[in-house]
Structures are given as structure tokens and as C-alpha cells.
Amino acid sequence: GAVVSQHPSWVICKSGTSVKIECRSLDFQATTMFWYRQFPKQSLMLMATSNEGSKATYEQGVEKDKFLINHASLTLSTLTVTSAHPEDSSFYICSAREQNDQPQHFGDGTRLSIL
Amino acid sequence: QKEVEQNSGPLSVPEGAIASLNCTYSDRVSQSFFWYRQYSGKSPELIMSIYSNGDKEDGRFTAQLNKASQYVSLLIRDSQPSDSATYLCAVNSNDYKLSFGAGTTVTVRA
């Protein structure tokens, strides 16, 4: 149980392109979903927290107009990287949680490379 | 002081031995504790959740929690080469976000 599906697994695109990443909880309802970014050899960095039906809460230093998050249902959240540039290249990972005291379950991640 | 601290690695153990991972946390009101395993280039995978003081066993893994000492540990018995990974200690903060330790990289020598 507790499977989180994330697509696509990897994206290579030109600078200036917008990229959408989907995160789905397959066998549970996720009241909260999280988006992380991880650079090589570094720790996970939380970007934003989203609750179904409400606006995402962004961590300090994360541009909300750059990283658009939509959590339209209890099983789906999307992250759109708008007008991506090479410095946005990273490993993006979503996670989902059913209740506050429950563990977060992670998707497989999306490796984004902007040329 | 970091919110969650893990014993520095890397940790190298021979196959079949016990790997011991330690973690301390600073927020005394934390109630939920997790261990994740992350293979290189992959996303974290939940290994154990623990909420009450004492031991919790799941297969070759045992988590131990001591809230008074603000300490949580993970033991991996009969370590296998496939256990080679980075292990992340995670603690639910009072705003229900996860605070992660820096991770301990474990290498199991065949």
C-alpha cells in the first residue's frame, strides 16, 4: 500500500520551456502533498506544501510564480516549472501523506535537465 | 543546533553484521519519527515509522525511540550488500513538515 506515482521520470527540454510534473497517490487519499528538490550529494530541500483545494505554502526563497503548484483533488498534485532555465535542472520529488502524523510516501522523482 | 542530527558516516560493515544508526532531535514535542532509505539517484523509501518509546521490529530492521533522551535509532541485522544506501532520519515538526537529518551512508562489504 501507500504508492505514490510521479510522472514523468525524466525531462530534457530547452531553456524557456514550461514543464509540468504530476504526482498521484494511487491507493490512499492524500490530504497533504509536498514538493522537494534535491541536488547531487545534497539533502532534500522542501519547496512547498499543498493541501487539497487550497493554495500551496511555499518555503522561503522559492518563487511561487516560477513553481506553480495545483492540488485539485485528494489524489493529484502538479508542479509546473515555468520558463525553465538551466539553473532549474535538478531532481524533483513529490510526497504524499494521508494524515498529519502519518509518514510521507515519496514518488520516484523527476530528473529535469534544461539545456 | 540542527533540528535532526545523525551520526556521521560513512558507515562500513561486513555482510552479516549489524549496522547501527543513531539520530537525535531538538524539538521535544515531536511525536512521529521515521527512517527512510535512499539509494543513489533514487527517491527516499520509508523503512520504519515509530511513535512510542521502546523498540519496533520489522524483519531485519529495529527502530528504537527514547523521547526523554530525544533519541531514535535504527538497527539493521544480518546486513546485506543491498542495504548499502543512505539512511535518513526524519522527525515530524510541530507544523507537520518533516525535518531530515543529513543522512548516514552505509556500505555493506561482501
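The following refers to the structure shown.

About the cut-offs
- Residues numbered from 1 in each chain as written.
- Chains lettered and ligands numbered in written order.
- Predicted model: local features only at pLDDT ≥ 70, side-chain atom pairs only at ≥ 80, totals over all residues.
- Heavy atoms only, no water.
- Patch = residues over 30% accessible without salt bridge, like charges linked within 9 Å, V, L, I, M, F, W, Y side chains within 5 Å.
- Areas by Shrake-Rupley, 256 points an atom, 1.4 Å probe, with all protein chains shown as cover.
- Salt bridge = Lys/Arg side-chain N within 4 Å of Asp/Glu carboxyl O.
- Helix = DSSP H or I, 4+ residues; strand = E, 2+ residues; numbered from the N terminus.
- Buried < 20%, exposed > 50% of the residue type's maximum accessible area, 1.4 Å probe, protein only.
- Disulfide = S-S within 2.5 Å.
- Phe/Tyr/Trp six-rings, centres within 6.5 Å; stacked < 30°, edge-to-face > 60°.
- Core = buried A, V, L, I, M, F, W, Y, C linked by side-chain atoms within 4.5 Å.
- Contact = heavy atoms within 4.5 Å.
- Buried area = accessible area lost by both parts, 1.4 Å probe.
- Polar contact = N/O pair within 3.5 Å; in protein donor to acceptor, adjacent residues only side chain to side chain.

### So, a nonpolar patch on the surface
Residues and elements named next belong to chain A. A cluster of nonpolar side chains, Trp10, Ile12 and Leu115, forms an exposed patch at the surface whose accessible area comes to about 400 Å². Among the structural elements, tryptophan 10 can be located in strand 2 (residues 10–13). Look at tryptophan 10 and you get exposed, because its relative accessible area is 59%.

### Considering the state of the cysteines
In this structure the tally under the stated criterion is 2 disulfides over all chains. In this model Cys23(A) forms its disulfide with Cys94(A); the gap between the sulfur atoms is 2.0 Å. Across the disulfide from Cys23(A) to Cys94(A), rotation about the S-S bond amounts to roughly 80 degrees, and the bridge is consequently right-handed. With a gap of 71 residues between them, Cys23(A) in strand 3 (residues 19–25) and Cys94(A) in strand 9 (residues 90–97) connect regions that are remote in the sequence. Each member of the pair, Cys23(A) together with Cys94(A), is buried. With its sulfur 2.0 Å from that of its partner, Cys23(B) forms a disulfide with Cys89(B). Disulfide Cys23(B) to Cys89(B): torsion about the S-S bond roughly -75 degrees, handedness left-handed. Residue Cys23(B) is found in strand 3 (residues 19–25), and its partner Cys89(B) is found in strand 9 (residues 85–92); the two are separated by 66 residues along the sequence. Take Cys23(B): its relative accessible area is 1%, and that puts it in the buried class.

### Brief notes about the packing of aromatic side chains
Scanning the model with the defined rule gives 8 aromatic pairs over all chains in all. The interplanar angle of 85 degrees and the centroid separation of 5.3 Å between the aromatic rings of Phe106(A) and Tyr36(B) together place this pair among those described as edge-to-face. One end of the pair, Phe106(A), is in strand 10 (residues 105–106); the other, Tyr36(B), is in strand 4 (residues 33–38), on a second chain. Taken as a pair, Phe106(A) and Tyr36(B) share a single burial class, namely buried.

### Observations concerning the nonpolar core
Counting 24 residues, the largest nonpolar core has Trp35(A), Phe67(A), Leu79(A), Tyr92(A) and Leu112(A) as the members making the most contacts within it. At the level of elements, strand 2, strand 3, strand 4 (32–38), strand 5 (45–51), strand 7 (67–73), strand 8 (76–81), strand 9 and strand 11 (110–114) of chain A are the ones that each hand at least two residues to this core. If we ignore the near neighbours within four places in the chain, the residues touching Leu79(A) are Val19(A), Lys20(A), Ile21(A), Trp35(A), Phe67(A), Leu68(A), Ile69(A) and Tyr92(A). Val4(B), Ala19(B), Trp35(B) and Val106(B) belong to the second-largest nonpolar core, a separate cluster that totals 23 residues.

### A word on the interface of chain B and chain A
Facing the 18 residues of chain B at the interface are 22 residues of chain A. Of the roughly 1,400 Å² buried between chain B and chain A, counting both surfaces, carbon and sulfur atoms make up 54%. Taken together, the connections running from chain B to chain A amount to 1 salt bridge. Glu59(A) is the salt-bridge partner of Lys97(B), the closest N and O atoms lying 2.6 Å from each other. Scanning the region where chain B abuts chain A turns up 9 residue pairs in polar contact (both at pLDDT 80 or more). Put simply, the parts of the chain that give the side of chain B that touches chain A at least two residues each are strand 4, strand 5 (45–50), strand 9 and strand 10 (98–100) of chain B. Here the element with the most residues in the side of chain B that touches chain A is strand 4 of chain B; it accounts for 3 residues.

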